[in-house]
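Now for the letters of each chain:
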Amino acid sequence: MQTNVQKSLDHSALDDVQGLGLGIFLSGIGIHVLTSAGLITGQTAGVAVILSYLTGWSFGTIFFIINIPFYLLAYRRLGLEFTLKSALSVTLLSVTTELLPLGWTVGPMSQPLAALVFGAATGLGLLAMFRHNGSLGGLGVVALLVQDTTGFKAGYVQLMVDAVIFAIGLFLFPGTTVLWSLLGAVALNLVIAFNHRRDRYIAT
């Protein structure tokens, strides 16, 4: 049974709406800057970015489609609430990345700066979503499933996936592009590593 103190710490529906909305918007800004600079990234978003460059399809369309198979896994591993919030977040991010270029054309920007802007904005966006029990789905769910079934750490699975994505990137893009893309991925993960601490953030 929850205490009154715990109930006062729980997120309300409005809390979740603003938190997830802010997270989606910040992540959309990060992706928009990333793709405008011709950079890549890891995880499911990275796969979608590379495919968008190769096919000419928009990032939003590809990102939405490739996330669909992961929802069943998310439901089995993390429950209905997490799955619904993740599906909504993926859908809204896909829409956001389609709409942002209509009102904002990113001007000339050095790739190192674009990488840092991407890492900071998307890292903060993901942090906001994590704190409201949401995510951008995808390969992170597979990593958790592997950890549950084999004991192999989810973080290591994600690192291996990212290594494969960036290795493929070396065959498709200039080495400097992949190098600065790695800077963006490092910046993103540092934002999360330094700020995502459940013992410092106890609302649910």
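I will try to describe carefully the structure that is included in this document. From a predicted model like this one, the values you see are computed outputs, not experimental measurements.

A few points about the packing of aromatic side chains
For step 1, the next point in the chain: Inspection of the entire model under this criterion finds two aromatic pairs.
For step 2, the next point in the chain: Judged by centre distance (5.7 Å) and plane angle (75 degrees), the rings of Tyr53 and Phe173 are edge-to-face. Of this pair, Tyr53 sits in helix H3 (residues 43–55) while Phe173 sits in the loop between helix H9 (154–172) and helix H10 (175–195), and the two are 120 residues apart along the sequence.
For step 3, the next point in the chain: Accessibility expressed as a relative area gives 28% for Tyr53, which makes it partly exposed.
For step 4, the next point in the chain: The buried category is assigned to Phe173, whose relative accessible area is 15%.

Some points on unusual backbone geometry
For step 1, the next point in the chain: At Gln43, a position not held by glycine, the phi torsion is positive, near 60 degrees.
For step 2, the next point in the chain: Residue placement: Gln43 occurs in helix H3.

Let's talk about the environment of Ile50
For step 1, the next point in the chain: Locating Ile50 in the fold gives a position in helix H3.
For step 2, the next point in the chain: With relative accessibility at 8%, the residue Ile50 sits in the buried group.
For step 3, the next point in the chain: Put simply, Ile50 and Ile168 are 118 residues apart on the chain and 9.4 Å apart in space, counted from C-alpha to C-alpha.

Some points on helix H2 (residues 13–36)
For step 1, the next point in the chain: The first and last C-alpha atoms of H2 sit 34 Å apart over 24 residues, in line with the 34 Å expected at 1.5 Å per residue.
For step 2, the next point in the chain: In the stretch just after H2, Gly38 is the one whose phi turns positive, near 75 degrees.

Looking at the packing of helix H4 (residues 59–67) against helix H6 (residues 80–103)
For step 1, the next point in the chain: Put simply, H4 and H6 touch, their axes get as near as 8 Å, and they point 165 degrees apart. What the angle tells us is that H4 and H6 run roughly antiparallel. For the pair H4 and H6, the sense of crossing is left-handed. Within the contact between the two elements, H4 uses Phe59, Gly60, Thr61, Phe63, Phe64 and Asn67 and H6 uses Val90, Thr91, Leu93, Ser94, Thr97 and Glu98.
For step 2, the next point in the chain: The residue inventory of the contact of H4 with H6, partitioned by class, reads five nonpolar, six polar and one charged.

Some points on helix H5 (residues 70–78)
One full turn of an α-helix is made of 3.6 residues, so residues set three or four places apart face in the same direction.
For step 1, the next point in the chain: Taken together, the buried positions of H5 are Phe70, Tyr71 and Ala74. Angular distribution of buried residues about the axis of H5 spans 100 degrees; they occupy a single face of the element.
For step 2, the next point in the chain: Residue Gly79 follows H5 closely and has a positive phi angle near 95 degrees.

Quick word on the environment of Ala163
For step 1, the next point in the chain: With respect to the helices and strands, Ala163 occurs in helix H9.
For step 2, the next point in the chain: Distance in space between the C-alpha atoms of Ala163 and Gln43 is 9.7 Å, their sequence separation being 120 residues.

Rules and cut-offs
- Residues numbered from 1 in each chain as written.
- Predicted model: local features only at pLDDT ≥ 70, side-chain atom pairs only at ≥ 80, totals over all residues.
- Heavy atoms only, no water.
- Phe/Tyr/Trp six-rings, centres within 6.5 Å; stacked < 30°, edge-to-face > 60°.
- Helix = DSSP H or I, 4+ residues; strand = E, 2+ residues; numbered from the N terminus.
- Buried < 20%, exposed > 50% of the residue type's maximum accessible area, 1.4 Å probe, protein only.
- Expected span 1.5 Å × (residues − 1).
- Axes fitted to C-alpha atoms, helices over the stretch in contact; angles between N-to-C directions.
- Parallel < 35°, antiparallel > 145°, perpendicular 65-115°, else oblique.
- Left-handed = near helix turned anticlockwise from the far one by under 90°.
- Contact = heavy atoms within 4.5 Å.
- Nonpolar A, V, L, I, M, F, W, Y, C, P; charged D, E, K, R; others polar.
- Arc of directions from axis to C-beta.

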